[in-house]
Structures are given as C-alpha cells and as structure tokens.
Amino acid sequence: MAETKKEERERKKREKAQAERIRLDAMMEYERKYGEFQYICGVDEAGRGPLAGPVVAGAVILPKDCYIEYLNDSKKLSEKRREALYDIITEKAIAYGVGIVSPEVIDEINILEATYLAMKEAIANLNVKPQMILADAVHIPEIGIPQIGIVKGDAKSVSIAAASIIAKVTRDRMMCMYDELYPEYGFAKHKGYGTKAHMDALHTYGITPIHRTTFVHL
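Quick caveat, the model's predicted, so the values are computed rather than measured.

Q: Mind showing me how you'd approach the overall build of the protein chain here?
A: Counting secondary structure elements, the protein chain contains eight helices and five strands. The linear arrangement of helices and strands in the protein chain, starting from the amino end, is α-α-β-β-α-β-α-α-β-β-α-α-α. Expressed as lengths along the three principal axes of its C-alpha atoms, the size of the protein chain is roughly 70 × 50 × 25 Å. Looking at the protein chain as a whole, 48% of its 218 residues are labelled buried. Long-range pairs, those at least 24 residues apart, make up 67% of the contacts in the protein chain with a sequence separation of at least 6. Total accessible area on the protein chain stands at roughly 11400 Å², and carbon and sulfur atoms take up 54% of it.

Q: Looking at this model, I keep getting lost on unusual backbone geometry. Mind explaining?
A: When glycine is set aside, most residues are seen to have a negative phi, and most peptide bonds are trans. Phi is positive for Tyr70, which is not a glycine, with a value near 75°. Structurally, Tyr70 can be placed in the loop between β2 (55-61) and α3 (79-92). Take Tyr70: its relative accessible area is 25%, and that puts it in the partly exposed class. Residues other than glycine seldom take positive phi values, yet Lys191 does so here, at roughly 60°. Within the fold, Lys191 resides in the loop between α7 (187-190) and α8 (196-205).

Q: Hey, could you run me through α3 in this one?
A: If you check α3, its first and last C-alpha atoms are 20 Å apart, about what 14 residues at 1.5 Å a residue would give, namely 20 Å. Listing the buried residues of α3 in full gives Arg82, Leu85, Tyr86 and Ile89. The buried residues of α3 occupy an angular sector of 115° when projected down its axis, which confines them to one face. Seen from the open side of α3, the exposed residues pointing more than 90 degrees away from its buried face are Lys80 and Glu91. Taken together, the buried residues of α3 touch β2 and α6 (158-181).

About the cut-offs
Residues numbered from 1 in each chain as written. Predicted model: local features only at pLDDT ≥ 70, side-chain atom pairs only at ≥ 80, totals over all residues. Heavy atoms only, no water. Helix = DSSP H or I, 4+ residues; strand = E, 2+ residues; numbered from the N terminus. Buried < 20%, exposed > 50% of the residue type's maximum accessible area, 1.4 Å probe, protein only. Contact = heavy atoms within 4.5 Å. Areas by Shrake-Rupley, 256 points an atom, 1.4 Å probe, with all protein chains shown as cover. Expected span 1.5 Å × (residues − 1). Arc of directions from axis to C-beta.

Taken by themselves, the reported measurements are silent on function.
Now the structure itself:
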C-alpha cells in the first residue's frame with residue numbers, strides 16, 4: 001500500500017534525523033578516543049585573513065556525548081544557524097572562553113603569533129581547567145596541556161566545531177558594532193575581509209583605527 005503524503009513526510013523527517021545523528025556521532029571520534037580525560041577542550045579561531053578587526057579564538061568544553069543538532073564548522077553554517085547554535089553551546093557547555101587580540105597587536109607580533117595569543121587567552125578564560133586540547137590544525141605553544149592538532153578539525157570534532165562557532169559569532173558581532181562607527185566601510189556585510197566594496201572604501205576613505213596596517217596595501 002502506497003504511503004500517504006503525511007507518512008512520506010514523517011519518514012523523510014526520521015531519515016534526516018538519523019543521518020544527522022550519524023554525522024554527529026562521527027564528529028565525536030576524537031572526544032571518544034581521548035575519553036579518559038573528563039575535560040576535553042576544543043579550540044578554534046576566526047578572523048586570521050581579514051584586513052580589519054581582531055582575531056578571535058573560542059575554547060569550549062562540552063559534556064560527554066553532548067548532542068547538539070546541526071553543530072558543524074562555522075563556515076558551513078548560515079548566520080542565523082550560527083547565532084542559534086551559539087546560544088545552545090553557551091547553555092550546554094561545561095565551560096567556554098573567548099580570546100580577542102586587537103589589530104594593533106596583530107601588526108606588532110604577526111597574525112600567527114596573535115592567533116596563538118588569542119587561543120591561550122580563550123583557554124585561560126575557561127572556568128574549568130582542560131585536561132586535553134583539540135585544536136584546529138595548529139599546535140599552540142607553551143600551554144602546558146596535552147594537545148592534538150586536527151587538520152580541518154572544525155568539521156571533524158564537535159568540540160572544535162563548537163569553538164569555531166563561539167569565535168565566529170563573537171567576531172561577527174564585533175564587526176557589526178564597528179560598522180556603526182565606520183558605516184562607509186560596510187563591515188557588517190564583509191566582516192573586514194578584502195571584498196571589492198571594502199577595497200573601494202579603503203581607496204576612498206583610507207584606513208581606520210581597526211585596520212591591520214600590515215595587511216592593507218593601497
């Protein structure tokens with residue numbers, strides 16, 4: 001007997017939910033691999049490439065086997081989805097921290113060192129000391145905590161994915177605030193990246209105090 005339209009919708013909904021559960025289960029591989037540690041912390045950054053604004057890092061410790069539907073690399077999510085997940089992550093996390101390094105410091109010490117500094121600050125701002133760090137593709141120097149760098153970790157680890165969302169949403173909100181200070185640059189749209197509109201504004205108005213002078217070549 002053929003399915004009714006309602007039955008078909010319900011079946012597809014169940015299949016979609018099952019596929020999402022399988023995807024997230026695969027993203028818990030590293031958390032389970034190092035499951036002897038109670039507090040595993042994911043760390044990721046946002047804003048290494050832009051011409052303006054800070055670099056921001058997030059650090060997140062999730063409960064064991066924490067299931068957050070649609071959790072993924074922040075770059076693969078819509079702004080609306082990221083904002084919704086930000087609220088869920090901050091509610092469910094055992095602890096989360098943020099590190100922010102200014103354009104001035106980026107110019108002074110270079111973006112890689114600034115990224116490490118932001119990550120260290122994010123970890124230091126946790127109210128629980130992590131026992132293992134899962135980082136997205138980097139080895140954070142001088143933190144005194146065991147760590148694993150995972151290439152494309154924000155798509156392979158729920159902890160790193162959560163950290164990527166915390167970092168991305170925090171930074172995007174900051175760039176929207178800067179947009180109110182410097183509306184002619186369009187920071188709310190491009191978030192400081194070198195789009196044509198951003199470059200046109202730079203040629204017309206020059207650099208602002210939030211631009212990275214070592215990144216801008218006019």
